[in-house]
Each structure stands twice: as structure tokens, then as C-alpha cells.
Amino acid sequence: MRPTVDWQRLPLRQLGHFLLAAVVLVELWWTWGRWTDVLVDYGQQLYVAWQLSEGRLLYRDLVYNYGPVSPYLNALGFRWLGGSLLALVLVNLLVLAALLPWLYRLLRAASSAWAAWVALLVFALVFLAGSYTGIANYNYLTPYENSLSVGLTLGLGALWHTLRFSAGGGRRQAVLAGLLLGLCLLTKPESGLAALAGCFAVLLADAPHYRFGRLAWLLAAAASPVLVAFLALWLAGADPATALEGVIGSWRALFRSATQELAFYRSGLGLDDPAGNLLHMLWAGAGLLLYLSVVAGVAWLVPAGQRWGWALALVLMAIAAQVGLRYVSLDAVGRPLPLVMLAALAVALAAAWRRGDPSRSHSAVIGLSVFAGVLLLKMALNARIYHYGFALAMPASLLAVAISQHQLPGWLASRGSNRNLFRALVVATLAGLCAHLTQVTAVRQAFRNVAIGEAGDRFLGDFRARHMLAALKLLKDKMGPEQTLGVLPEGTMLNYLARRANPGAFLNHTPTMFSLHGEQRILEDLESHPPDWLVITHKDTSEFGPQFYGRDYAQAIRDWIVRNYTEVQVIGKRPLTRSRDFGLLVMRRKGNKP
């Protein structure tokens, strides 16, 4: 009988480092400059970093809906690394350099070295720089909202140190866990909520076995960043109410019914069709179960050491995977993740209960599954790996991969199955999925071929970049050296690339901003701080409910603009008229010299 290869004994640490570094470098090279959308979202990250580095104060001078950690981290990088898009990419690479070790350690604690490295390779191939929608920014190099990626990183760090603390770590682990948790609470609230739930799940699972005096250190450390942030904003010039709003305002907004009623958030959550989306999730879960059953059956039928069996099984699975991927939509890939997290949590809790004491692996699975499950709540009935799923579905996806490479093969091996073949068949399927998603990214990237920005601000945009370039040239020729610019309803990227400040506090006029702050407050801000020039960009917001700015919402602001501004030039198609026609309208405040 030929000896079988034990994959667990391969030099995985060295091999894993090499493969992960190679894949990350290739991904960066291949996607370079195509991570950023020319109009939507990321321009605000750049603009806020620039303005904070120039001395403006968050929440007092700039309306921002999340905690202060990420904007000020960006501003620090902007100032120290030379004020450019490239500077923020470098900041995000540093965040990634913290994210990956914490991810590996947590996955390694929950499973095995092999499973953790396979999961990290899936992260690099699927989530790091993938592009699966027409809008860029859903990646870790220029994420649509840095507070989400930074919060996710801090939350995973807090979870790791909480796990070490619960396993007998001393005061140092408690303090580290608390500090990271407190910083996470000052980012995007879904990250903070997930970190809170995951950390306390680990602590509750192991509650009888640690000293509560040390837990007090964790709680005190978690409170300290929140208190320091409040005091820092207050001492910097914000009044106490504004400083408090900056620290806790995003948490109140998270549960504000007016925002949650917008069609965009209802659709993202799956509440636009609860019964249909629940059925879709159950069907996807049944399909995943059927697939795993078939793979387990093949692994059980092929004896260990039979090379012909391996070869035949891999060929059949490769063919089946390619056929299946043609009929499995991208939308369906992430659908079963909430069910997988519930199953992982239930199995880990049951195993811990049978032991009477959770092992390190059980505690890690409990913490990770709760952390990942809470992140999925924002898309509970419509879980997906694209769009917001690049961050919200990432931990669940990687934990599912790790389980498929450790817990499931181990359980099958105890029943006479060929564990290594099972792993190999699942990896072959994952490779097919990654290849398919790479093709999707290639198609999306092909449309981003127009260079915009100079030097460190240069990136590639789609056809809209041509109109943005024309607008930039016009503004450069017409605007006076001290004149200001407003871009409505969205397009702060134009402010940033032109290096023209918006004198007001509201950086965009999307339906979300109106639901949070109300039209009257936004109008008063415009009246108090009217920009010298306005650019009206085309933005179809029907995914939120109302379709066009100034027609279906913000009518009072439209009337104010008509009274106070005169048209200078239409670039492309007249904006806000027909859904598919993109263009910009450049306007000058009446009484201003050209």
C-alpha cells in the first residue's frame, strides 16, 4: 500500500507566504489604476483627507456620517506621503498588511494552517481587487468607504486578542483587545457591531475560566479611544454637541428608520422581496449541500493511494465545476453564507457543550462565525460577494473555505472517506470559481481606459472620465484663483482633482444624505456658504427611490440654484434628463466675474 501525502505536514508557512505574496503582487500589477470610480464615493475619501490635512475640522466643517478614525488616518497619510491618490493607496496597503496576519491567525486558530492559507488565497483572488459591478471602489485598495475596511481590520484584531485573552492571556491581551475594539467603534457602525458581538461571544463561551478583574481592563481600554476622540474634537474647536455627534452619530443613524426605508437599503438587505429572497437563499443552501454531498461521495468511493482515482475524480470535478459555473450566477454564490455561519456556530457550540469547555478551535469558530454573521445582517436575505460584499461577506466566505478544508474533511475521514481527495476536489472548484470571477473583472476593467488625474492622482476611468476631463479644463480656464466649487448631487472627485474646495459642509446631495439631515438643513448650508461655481453631474438615484436630483427630490434646492446661478456650458448630454445620458452642467454664481 502506497503511503499517502499528508498535506498538513507540507512546509505551509513558507509556501503560503510565497504564494500569497505572488498572488497579491500579480493582482496589484494587473488591476493597477483601475480601482477607483471617476464619480461615485471615493472622491469623498480623497477630498476629506485633503481638507483635513489643510486644517478643516471633521463634523464642524465637513459633514461625515461615520467615526473619525479612518478620515484622520487618511489625512495623516495624505500629509506624510505627499497628498495624492497614491498616498491613500499606500495607506490602504498598510491597512491590508495588518488585516492579513490577523485573518490568518484567526483562521489558523479556527482550522489548520493549510485551510487558512487556502482561504487567504481566495481573499487575494476574489476580494482584494476584484471588480464585479460597473462602479469601482469595491476593493481594498480604494474602498468606497475607508471606514469599513479600517473598521474590519480593527475588528479582526480585537477578536484575535480577545481570543488570546480568553485562552489565558494576561492584562496585556485584554488591553490590546479593548483598544482595538474601541478604535473599531469609531469607524463604520457595522464593523463595530460585528466586533462587539464577536468579542463578547468568545468571552461568554469561556466565561467560567477567566478572572473578571482582567475583563475590566478590556472594557476600560475599549472606552478610552471613544473618550479621547470626543476630547480631541472638542479641544480642536468643535462644540461638545458636535464632538459627541461625531463620536456616536453614526450609531444613531444605523437604526434611523428614514434611511432604512430607502429602496436601496431595503433591496440590499433583501426586504424588497422577503419571501422570494428567503426562498432564493434556501435553494442556494440546498445546492451547496448537494454539491458537498457529491464531493463527499466521490471522496468516499476512491480509496487513498489510488492515483487513477484521483486523476479521474479531478477531471470529472473540473468539468462539472466549469459546467456548473455557467449556470450558477454571481448573485447566487454568496446567498447561502448566512446559513453556513449559523451551521458553523451551532456545530461549534454543540461541540464545546459536549466537551464542557470550548477548545481554542471552538472559541475561534464561535467568535468568527458571530463576527461574520453580524456583518451579513446588512444583506441578510441578499448575501453577495460583490458590491458591499467585498467586505461584509469576506469573513464569512473565508471561514466557509477554511471549514471546507479542515472540519468537513476531518469529519468525513472519521467515517472512512479520503480527506485529501475531498480537499483537492473543493480546491479545484474554488479555482474554477476564482477563474470565472477573474474573467468578470477583466471585462469590467476593459471599460476603464481613460486616464484622468496627474502624477500620483492618475487613474483609469470609464467613458465618464472624458466629460470630467473637459469639465476640469473649463474650470481651470474660467475660475479665479480663490473661487470655490460645489459639485451636486455627487462628484467630489471633481473638487479633489481641480483642488477646489467646497465652502459648505455637505459634500454630496444623495437621497441618503437627505434622509439623514433633511432638505432644509442642506439648503441652509448652501445659502450660508454658496460656492462661486457649481457643476451639476448626472446621477440616476432610482435605486434609492427618487430618480433625479432637482426633479424627484431637492426641488427647493433646485429653485435656489435657478435663482442664484447662470449656466456656462453643458458637457456631454444635459444631466438629470434621461437615465442613460451622462453629462455635466457647469454654472457660475450670478454677479461673479467669468
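Residues numbered from 1 in each chain as written. Predicted model: local features only at pLDDT ≥ 70, side-chain atom pairs only at ≥ 80, totals over all residues. Heavy atoms only, no water.

A.B. asks: Sorry if this is basic, but what is going on with the overall build of the chain here?
C.D. replies: Within the chain, the secondary structure is distributed over 26 helices and six strands. Summing over all exposed atoms, the chain offers an accessible surface of approximately 25,400 Å²; the carbon and sulfur share of this is 63%. (Helix = DSSP H or I, 4+ residues; strand = E, 2+ residues; numbered from the N terminus. Areas by Shrake-Rupley, 256 points an atom, 1.4 Å probe, with all protein chains shown as cover.)

A.B. asks: I'm lost on the packing of helix H8 (residues 189-205) against helix H17 (residues 360-376) in this one. Help?
C.D. replies: When two helices pack together, their arrangement is given by the angle between the helix axes and by the axis-to-axis distance. Axis separation between H8 and H17 bottoms out at 8 Å; the angle between their running directions is 155°. Here H8 lies roughly antiparallel to H17, going by the angle between them. For H8 against H17, the interelement crossing comes out right-handed. Along the contact surface, H8 presents Glu190, Ser191, Leu193, Ala194, Ala195, Ala197, Gly198, Ala201, Val202 and Ala205, while H17 presents Ser363, Ile366, Gly367, Val370, Phe371, Val374 and Leu375. (Axes fitted to C-alpha atoms, helices over the stretch in contact; angles between N-to-C directions. Parallel < 35°, antiparallel > 145°, perpendicular 65-115°, else oblique. Left-handed = near helix turned anticlockwise from the far one by under 90°. Contact = heavy atoms within 4.5 Å.)

A.B. asks: Just checking my understanding: could you explain the pairing of strand E6 (residues 583-589) for this structure?
C.D. replies: Working note: regular strand, side chains alternate between the two faces of the sheet. The element E6 is largely enclosed, with a buried count of six among its seven residues. Sheet topology note: the strand E4 (residues 533-537)/E6 ladder contains five bridges and is antiparallel. Among the inter-strand pairings, Ile536 is bridged to a residue of E6, identified as Leu585. Where strand E5 (residues 565-572) lies against E6, seven bridges are found, and the strand directions are antiparallel. (Buried < 20%, exposed > 50% of the residue type's maximum accessible area, 1.4 Å probe, protein only. Pairing = 2+ DSSP bridges.)

A.B. asks: How should a positive patch on the surface be read in this particular structure?
C.D. replies: Taken together, the side chains of Arg105, Arg108, Arg164, Arg172 and Arg360 define a basic patch exposed on the protein surface. Residue position: Arg108 is located in helix H4 (residues 85-110). (Patch = residues over 30% accessible without salt bridge, like charges linked within 9 Å, V, L, I, M, F, W, Y side chains within 5 Å. Salt bridge = Lys/Arg side-chain N within 4 Å of Asp/Glu carboxyl O. Lys, Arg positive; Asp, Glu negative; His and termini not counted. Charge placed at Lys NZ, Arg CZ, Asp CG, Glu CD.)

A.B. asks: Would you mind showing me how to read the pattern of salt bridges here?
C.D. replies: Proximity of charged atoms lets side chains of opposite charge pair with each other. A complete count under the given rule lists 14 salt bridges for this structure. Close ionic contact of Glu567 with Arg574 constitutes a salt bridge, the shortest N to O distance being 3.1 Å. On the basis of relative accessibility, which here comes to 44%, the residue Glu567 falls in the partly exposed class. Where salt bridges share partners, they join Asp37, Asp462 and Arg464 into one cluster.

A.B. asks: I tried to follow the packing of aromatic side chains on my own but got confused; where do I start?
C.D. replies: Counting across every chain of the model gives 17 aromatic pairs. Aromatic side chains Phe78 and Tyr496 sit 6.1 Å apart centroid to centroid with 70° between the ring planes, which places their arrangement in the edge-to-face category. With Phe78 in helix H3 (residues 69-80) and Tyr496 in helix H23 (residues 492-498), this residue pair connects regions lying 418 residues apart in the sequence. Overall, Tyr496 belongs to the buried group, its relative accessible area being 0%. Taken together, a centroid distance of 6.2 Å and an interplanar angle of 70° make the contact between Tyr138 and Tyr388 edge-to-face. Taken as a pair, Tyr138 in the loop between helix H5 (113-127) and helix H6 (146-166) and Tyr388 in the loop between H17 and helix H18 (389-392) lie far apart in primary sequence, 250 residues in all. Residue Tyr138 is classed as buried on the basis of its relative accessible area of 11%. We classify Tyr388 as buried; its relative accessible area is 11%. Members of the aromatic cluster, connected to one another through ring pairs, are Phe123, Tyr138, Tyr140, Tyr144, Tyr388 and Phe390. Directly above the aromatic system of Trp50 lies the positively charged group of Arg499, at a separation of 6.0 Å from the ring centroid. Directly above the aromatic system of Tyr496 lies the positively charged group of Arg499, at a separation of 4.0 Å from the ring centroid. (Phe/Tyr/Trp six-rings, centres within 6.5 Å; stacked < 30°, edge-to-face > 60°. Lys NZ or Arg CZ within 6 Å of the ring centre and 35° of its normal.)

A.B. asks: Before we go on, may I ask you to explain H5 in this structure?
C.D. replies: At 3.6 residues per turn, the α-helix brings residues three or four places apart onto the same side. Helix length check: H5 (15 residues) gives 20 Å between terminal C-alpha atoms against 21 Å at 1.5 Å per residue, within 8%. Counting buried residues in H5 gives 13 out of 15 residues, a clear majority hidden from the surface. (Expected span 1.5 Å × (residues − 1).)

A.B. asks: Before we go on, may I ask you to explain the sheet that holds strand E3 (residues 485-488) in this structure?
C.D. replies: The pairing of strands in a sheet happens through backbone hydrogen bonds and is either parallel or antiparallel. Ordered by their spatial adjacency, four strands build an open sheet running E3-E4-E6-E5, and the pairing between neighbours is mixed. Only two strands of the sheet have a single partner each, and these edge strands are E3 and E5. With strand direction ignored, the average angle separating the axes of adjacent strands in the sheet is 20°. In this fold helix H26 (residues 555-564) packs onto E3, E4, E5 and E6, with an angle of close to 105° to the strand it touches most, E5.

A.B. asks: What am I meant to see in the pairing of E4 here?
C.D. replies: Within E4, five of the five residues are buried, which leaves it mostly tucked inside the rest of the structure. Residue alternation in E4 divides its side chains into two sets, Trp533, Val535 and Thr537 and Leu534 and Ile536, and both sets are buried. Relative to E4, E3 runs parallel, the two sharing four bridges. Across the sheet, the residue bridging to Val487 is Val535, located in E4.

A.B. asks: Just checking my understanding: could you explain the nonpolar core for this structure?
C.D. replies: Here is a general trend for soluble globular proteins: nonpolar side chains tend to be buried in one another's company. Within the largest apolar cluster, 151 residues are counted, with the highest numbers of intra-cluster contacts made by Leu103, Phe123, Tyr140, Leu156, Leu398 and Leu494. A total of 14 residues in this core trace back to one element, the largest contributor, which is H4. In this structure, Ile536, Phe548, Ile561 and Leu576 belong to the second largest nonpolar core, which totals 22 residues. (Core = buried A, V, L, I, M, F, W, Y, C linked by side-chain atoms within 4.5 Å.)

A.B. asks: What's the story with the side chain of Thr541 in this structure? I'm lost.
C.D. replies: Structurally, Thr541 can be placed in the loop between E4 and H26. Residues within four places of Thr541 in sequence aside, it is in contact with Pro511, Pro546, Gln547, Phe548 and Tyr553.

A.B. asks: How do you make sense of H26 when you look at a structure like this?
C.D. replies: All of the buried residues along H26 are Ile557, Trp560 and Ile561. Down the axis of H26, the buried side of the element spans an arc of 100°, and every buried residue falls inside it. The exposed residues of H26 that point more than 90 degrees off its buried face are Val562 and Arg563. (Arc of directions from axis to C-beta.)

A.B. asks: Explain unusual backbone geometry here, please?
C.D. replies: Glycine aside, negative phi is the norm for most residues, and most peptide bonds take the trans geometry. For the bond from Leu488 to Pro489, the omega torsion is -5°, close enough to zero to count as cis. Residue placement: Pro489 occurs in the loop between E3 and H23. For His387, which is not a glycine, the phi torsion comes out positive at approximately 55°. Locating His387 in the fold gives a position in the loop between H17 and H18. On the accessibility criterion, His387 (16% relative accessible area) is buried. A positive phi angle, near 55°, is found at Arg499, a position not held by glycine. Note on placement: Arg499 falls in the loop between H23 and helix H24 (511-517). By relative accessible area, Arg499 is classed as partly exposed at 30%.

A.B. asks: What is the right way to look at the environment of Met587 in this model?
C.D. replies: The topology assignment puts Met587 in strand E6. Once the C-alpha coordinates of Met587 and Thr566 are considered, the two residues, 21 residues apart in sequence, prove to be 5.5 Å apart. What Met587 contacts, discounting residues up to four positions off in sequence, is Asp532, Trp533, Leu534, Ile536, Ile561, Tyr565, Thr566, Glu567 and Val568.

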